[in-house]
Amino acid sequence: AQTVTQSQPEMSVQEAETVTLSCTYDTSENNYYLFWYKQPPSRQMILVIRQEAYKQQNATENRFSVNFQKAAKSFSLKISDSQLGDTAMYFCAFQERGTYKYIFGTGTRLKVLA
Amino acid sequence: NAGVTQTPKFQVLKTGQSMTLQCAQDMNHNSMYWYRQDPGMGLRLIYYSASEGTTDKGEVPNGYNVSRLNKREFSLRLESAAPSQTSVYFCASSPRGSESYEQYFGPGTRLTVT
């Protein structure tokens, strides 16, 4: 069975600094997708960034980028120029291609300090 | 365009009572999902509906039932609530689900069972 592990329950970063959130996963499949979701204190979850496993190039969305290491089964999220609005819980998620199910990690609570 | 809506936002039940959580989406999505979120455990899939007329069990289906009433609506029923079902419940929808489509989440329902 696939598993997703986020080993950092809480992190903090100064405003304008860069922070990296870690995620590792375990699967025997070759075709899958990985996601980072953000859950602000308001609770509604939104997608931050998505990576297809067959793509070697790391995904980037503005200040958010990933470091996808397929062989190591690692999928970290880098937030550059951190802003107060980045304060949230961040979840890493895995989806095997052709299935409907997401597997979520336990989350990392990020606090951006002024 | 409201996205994914959930009712109620908060609910307190006594052990043994029943209730139905409602979810609706106005994005014409095929797939819908129910998750529960517990501290330190991330999101766990309860049930999902790949398309109108179909439902399948997720990771933690015991104690729950679902109905995909039509393409827009997907309800979650607790027949006999137990304190272990105290949680925050999220509904989500996705255009197709089995490809790497983003899941869109509702605002959640905080349920307490005493």
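For every chain, the first residue of the written sequence is number 1, and numbering continues from 1 along that sequence. Key to labels: chains lettered from A, ligands numbered from 1, both in the order written. Residue-level local features of this predicted model are given only where pLDDT is at least 70; pairs of side-chain atoms are given and counted only at 80 or more, and the full residue set underlies all totals for whole chains, interfaces and linings. With hydrogens and water stripped out, all remaining heavy atoms of the structure feed into the side-chain values.

Student: Would you mind going over the interface of chain B and chain A with me for this structure?
Tutor: Reports often express the size of an interface as the amount of accessible area lost when the parts come together. Contact criterion: two residues are considered in contact whenever any of their non-hydrogen atoms come within 4.5 Å of each other. Contacts between the two partners involve 31 residues from chain B and, on the opposite side, 21 residues from chain A. Accessible area, probed at 1.4 Å, shrinks when two parts are joined; the buried area is that loss added up over both. For the chain B and chain A pair, buried surface summed over both sides reaches about 2000 Å², with 53% attributable to carbon and sulfur atoms. What makes a salt bridge here is a side-chain nitrogen of Lys or Arg within 4 Å of a carboxyl oxygen of Asp or Glu, nothing more. Counting every contact that joins chain B to chain A gives 0 salt bridges. Each polar contact in these results corresponds to two N or O atoms within 3.5 Å; when the atoms are within protein, one needs to be able to donate a hydrogen and the other to accept it, and residues that are neighboring in sequence are counted only if both atoms are side-chain atoms. Summed over the shared surface of chain B and chain A, the number is 4 residue pairs in polar contact (both at pLDDT 80 or more). In this description a helix means any DSSP run of H or I spanning at least four residues, a strand means any run of E spanning at least two, and both kinds are numbered starting from the N terminus. When contributions to the side of chain B that touches chain A are tallied by element, the ones reaching two or more residues are β4 (31-38), β5 (42-49), β9 (87-94) and β11 (109-113) of chain B. Per-class residue counts for the side of chain B that touches chain A are 14 nonpolar, 11 polar and 6 charged. All residues other than Ala, Val, Leu, Ile, Met, Phe, Trp, Tyr, Cys, Pro, Asp, Glu, Lys and Arg, Gly among them, are scored as polar; the first ten of these are nonpolar and the last four charged.

Student: What is the right way to look at the state of the cysteines in this model?
Tutor: Two cysteines whose sulfur atoms are joined by a covalent bond form what is called a disulfide. All names here are of chain A. Pairs of cysteine sulfur atoms within 2.5 Å are what we label disulfides. Using the criterion set out here, one finds 2 disulfides over all chains in the structure. Sulfur-sulfur distance for the disulfide between Cys23 and Cys92 comes to 2.0 Å. Disulfide Cys23-Cys92: the torsion about the S-S bond is -70°, which places it as left-handed. Here the residue Cys23 occupies a position in the loop between β3 (19-21) and β4 (24-26), and Cys92 occupies one in strand β10 (residues 88-96), the gap between them amounting to 69 residues. Both residues of the pair, Cys23 and Cys92, count as buried. The buried label goes to any residue with under 20% of its type's maximum accessible area, the exposed label to any with over 50%, and the partly exposed label to all in between, with areas taken from a 1.4 Å probe on protein chains only.

Student: What is the right way to read the sheet that holds strand β3 (residues 19-25) of chain B from this model?
Tutor: All names here are of chain B. Note: two strands are recorded as paired if DSSP finds a minimum of 2 bridges between them. Read from one edge to the other, the open sheet built from 4 strands follows the order β1-β3-β8-β7, with strand pairing classed as antiparallel. Where the open sheet ends on each side, the last strands, each with one partner, are β1 (4-7) and β7 (64-68). Across the sheet, the mean angle from the axis of one strand to that of its neighbour is 20°, orientation sign disregarded. Of the strand pairs in this sheet, β1 and β3 are connected by 4 bridges, and their pairing is antiparallel. When the sheet's bridge partners are listed, Gln6 is paired in β3 with Cys23. Each axis is a line fitted through C-alpha atoms, taken for helices only over the stretch in contact, and angles between the N-to-C directions span 0 to 180 degrees.

Student: Explain the packing of aromatic side chains here, please?
Tutor: Any aromatic ring pair is given by two values, namely how distant the centres are and how the planes are angled relative to each other. Two rings from Phe, Tyr or Trp (for Trp, the six-membered ring) form a pair when their centres are within 6.5 Å of each other. A pair whose planes differ by under 30 degrees is stacked, one over 60 is edge-to-face, and the rest are tilted. Tallied over the entire structure, the rule returns 19 aromatic pairs over all chains. Ring geometry for Trp36(A) against Phe75(A): centres 6.2 Å apart, planes inclined by 20°, an arrangement best described as stacked. Of the two residues, Trp36(A) sits in strand β5 (residues 32-39) while Phe75(A) sits in strand β9 (residues 74-79), which places them 39 residues apart along the sequence. The same class applies to Trp36(A) as to Phe75(A), namely buried. Taking the centre distance of 5.5 Å and the plane angle of 90° together, the rings of Phe104(A) and Tyr35(B) count as edge-to-face. With Phe104(A) in strand β11 (residues 102-104) and Tyr35(B) in strand β4, this pair bridges two chains. For the pair formed by Phe104(A) and Tyr35(B), the shared burial category is buried.

Student: Please explain the side chain of Ser93(B) as it appears in this structure.
Tutor: Residue and element names in this part refer to chain B. Checked against the element boundaries, Ser93 lands in strand β9. Side chain to side chain, Ser93 and His29 meet in a polar contact 2.7 Å long. Setting aside anything within four residues of it in sequence, one finds Ser93 in contact with Val4, Gln25, Met27, His29, Ser31, Met32, Tyr33, Glu102, Gln103 and Tyr104.

Student: Even after reading the chapter, I still don't get the nonpolar core, so can you show me in this structure?
Tutor: All names here are of chain A. Here, the term nonpolar core denotes a set of buried Ala, Val, Leu, Ile, Met, Phe, Trp, Tyr and Cys residues that are joined through side-chain atoms within 4.5 Å. Counting residues in each nonpolar core, the largest one holds 25 residues, and the members touching the most others are Tyr25, Trp36, Phe75, Leu77 and Tyr90. Put simply, the parts of the chain that give this core at least two residues each are β3, β5, β6 (46-52), β8 (64-69), β9, β10 and β12 (108-113). For this core, the element with the highest residue contribution is β10, accounting for 4 residues.

All we've got here are geometric facts, nothing functional implied.
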